[in-house]
Amino acid sequence: RRQGHLHELQEALASRLEIRRSARNPLMLTALAAIHWNDKHLPEQRADLYDSIIVSLARARARPGRPPAERCVALHQELALAMQDHPDGRQVQVPRFWAAQQIAGEWREEEEPRRVAVAEAFLDQEELDSGIVVRRGDHVRFWHLTFQEYLAARALAADDKRRQRLLEDPRKLYLPEWREVLLLLAGVLEHQGRKRVDDLFSVVLAQLGEKASLADRARCFGLLGAAVQDLSPVKYKPQHPAYEKLADAVMGIFDPERSKTVKINDAIEAAEALGMAGDPRFARQNRQNNWVSIPAGAFLMGAQKTDAKSPNYDSWAFDREQPVHKVGLRTYHIGKYQVTVLEYQRFVDDDGYVKQEYWKAGGFSDRRQPDNWDEQLACLNRPVTRVSWYEAAAYAAWAGCRLPSEAEWEHAARGADGRKYPWGDEDPDTTRGNYSEGKVRHPTPVGVYPQGATPEGVLDMAGNVWEWCQDLWHHDYEGAPADGSAWASGGEEAKRVLRGGCWGDVARFCCSAARVGVRSDVRFDVIGFRVASGT
């Protein structure tokens, strides 16, 4: 019976902790099963869930003569904070003797020369009893990094002075290795009273100052906003008036009107900072906001350069964009944004590359992650790039959707009114999209050019990165489907369609009709994708 519930527990942990791999580990599953069967539910808030797991592990194998579970957890949290705040930066594995030194002072009843030896003996027993820490030769580490982060958060919540020092140190506050600790800290403090969380927000907001740059404000909002999302199960709302002003100023860079007063380079810098601190647009609970419904209807697809008085005229039209032809489509949904690094990371972390069911289109076992993946992870809200058509199709299958057909893509960009560019018929400029004229020379965070959005609200359809479509490549539209479906026969089997232009292309490729064909297996830093769903 318990075995039948493991998948349920796994999904619950994945949705709340975003560490799906850990949930497959027998130790973690044992802890989750104990919580589920003893308490009959899983806590909603992340800090509560970690607390339940840690305490369950500490109690599960308690033996006579061993310290109480609560004392064991307290000792672990001191070690965790010492490792997190190591002089050389966060350590995830330390010499056992050093680890014993960090907690030796807790045995005040012992003679000072014996304290380290007692602490080492404690660690030896903990490795056998609870499994919270594990041995690696002469070193010790926590079974999972998230254990270390949660326990460090507990230590900070119990020590006002150490917490204040951290929150007032901008060199540490926004480091990636401290982000989870600070988010979990908010959850631990919430149990001590909401005023404690309010105080945390006040200290962090006070570090900004009146002259903080937009990027610094975005970084701060990203961190605090992620804490608010973590506390959403308990309906926590920040009380500090500066928080709402901060949110309004930062998210204004994605608003078509308010963004007009912000220099595009400042907006890009702010969006990059927000991406690393925690872009709320891509939190799991906001995923449904990132779809745009395209109503059923017919439109004229393609471009022509022979008759200036006829529809879809473009003096620079290529032969591959002809002939102009009528296509009728049913209602469908298309991604508001290109798929981001953060979203693709969830696919990678869920072992998407090793589950063959997602790779029915081909490409399985070719690799385990996109090219330059570590570099891409530094910019989480940029579009993922260096993925082949096969990788894009596998992600879409994992996400329960698909790549758009070429007709769907152009319909979303051109609309029923036949506009030349996604935003209308006005020529491109550097406020509407990331193309060569702006000299950015790399992908930018998605949605940072809101003035280039379609009237329906689809973003980045002109520039930034080219986007894979379902269709095989054909050199023109002779014989193309008239119902909006993907053209899956008669073309070049080795090539697929790309749409939308990229950061290195000239303005002509911002046109809604622009298209090229590229081999399905290529991985370039100018190619990404977005997804679609519906008939």
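All values reported here derive from a predicted model rather than from experimental measurement.

K.L.:
What is the right way to read the environment of V448 from this model?
P.N.:
On the secondary structure map, V448 appears in the loop between α19 (406-414) and β8 (466-473). Judged by relative accessible area, which is 2%, V448 ranks as buried. Through-space distance from the C-alpha of V448 to that of C72 is 48 Å; in sequence the pair is 376 residues apart. The residues contacting V448, other than those within four sequence positions of it, are I253, F254, I264, A267, I268 and A271.

K.L.:
Mind showing me how you'd approach empty space enclosed by the protein here?
P.N.:
Empty space among the atoms becomes apparent when a probe as large as a water molecule is rolled across them. Taken as a whole and judged by the stated rule, the model has four cavities of 30 Å³ or more. Considered as a void within the structure, the largest cavity measures approximately 80 Å³ in volume. Along its surface, the largest cavity is lined by M301, H325, V327, E406, A407, D471, Y477, A480, P481, G484, S485 and W487. Looking at the lining of the largest cavity, the elements with two or more residues in it are β6 (325-329) and α19. Grouping the constituent residues of the lining of the largest cavity by class yields seven nonpolar, three polar and two charged.

K.L.:
Can you help me understand the sheet that holds strand β12 (residues 532-533) in this one?
P.N.:
Neighbouring strands of a sheet are bound in pairs by backbone hydrogen bonds; such pairs are parallel or else antiparallel. Read from one edge of the open sheet, three strands run β4-β7-β12, paired in antiparallel fashion. The two strands at the open ends of the sheet, each matched to only one other strand, are β4 (291-294) and β12. Of the pairings in the sheet, the one linking β4 to strand β7 (residues 332-335) comprises four bridges and is antiparallel in character. Residue pairing for β7: I294 is matched across the bridge by Y332. Strands in contact with α19 are β4, β7 and β12; relative to β7, the strand with the most contacts, it is inclined by about 80°.

K.L.:
Just checking my understanding: could you explain the environment of T430 for this structure?
P.N.:
Within the secondary structure layout, T430 lies in the loop between α19 and β8. By relative accessible area, T430 is classed as partly exposed at 31%. Measuring from C-alpha to C-alpha, the distance between T430 and I264 comes to 8.1 Å, with 166 residues separating the pair along the chain. Beyond its immediate stretch of four places on either side in the chain, T430 contacts I264, Y435, E437, G438 and Y449.

K.L.:
How do you make sense of the packing of aromatic side chains when you look at a structure like this?
P.N.:
In this description, a pair of aromatic rings is defined by centroid distance and the angle of the planes. A full pass over the atoms with the stated rule returns 24 aromatic pairs. A centroid spacing of 6.3 Å and a plane angle of 70° characterise the contact between Y344 and Y353, whose relative ring orientation is edge-to-face. Accessibility classification places Y344 together with Y353 in one group, the buried group. Taken together, the ring pairs connect Y344, F347, Y353, Y358, W359, W373, Y395, W398 and F529 into an aromatic cluster. Directly above the ring of W107 sits R71, whose terminal nitrogen or CZ lies 5.4 Å from the centroid. The side chain of R320 reaches across the aromatic face of F318, ending 4.3 Å from its centre.

Conventions used here
- Residues numbered from 1 in each chain as written.
- Predicted model: local features only at pLDDT ≥ 70, side-chain atom pairs only at ≥ 80, totals over all residues.
- Heavy atoms only, no water.
- Helix = DSSP H or I, 4+ residues; strand = E, 2+ residues; numbered from the N terminus.
- Buried < 20%, exposed > 50% of the residue type's maximum accessible area, 1.4 Å probe, protein only.
- Contact = heavy atoms within 4.5 Å.
- 1 Å grid on protein atoms, 1.4 Å probe; cavity = no way out; pocket = protein on both sides within 12 Å on 5 of 7 lines; lining within 4 Å.
- Points joined across faces, edges and corners; volume = space filled by probe spheres on them.
- Nonpolar A, V, L, I, M, F, W, Y, C, P; charged D, E, K, R; others polar.
- Pairing = 2+ DSSP bridges.
- Axes fitted to C-alpha atoms, helices over the stretch in contact; angles between N-to-C directions.
- Phe/Tyr/Trp six-rings, centres within 6.5 Å; stacked < 30°, edge-to-face > 60°.
- Lys NZ or Arg CZ within 6 Å of the ring centre and 35° of its normal.

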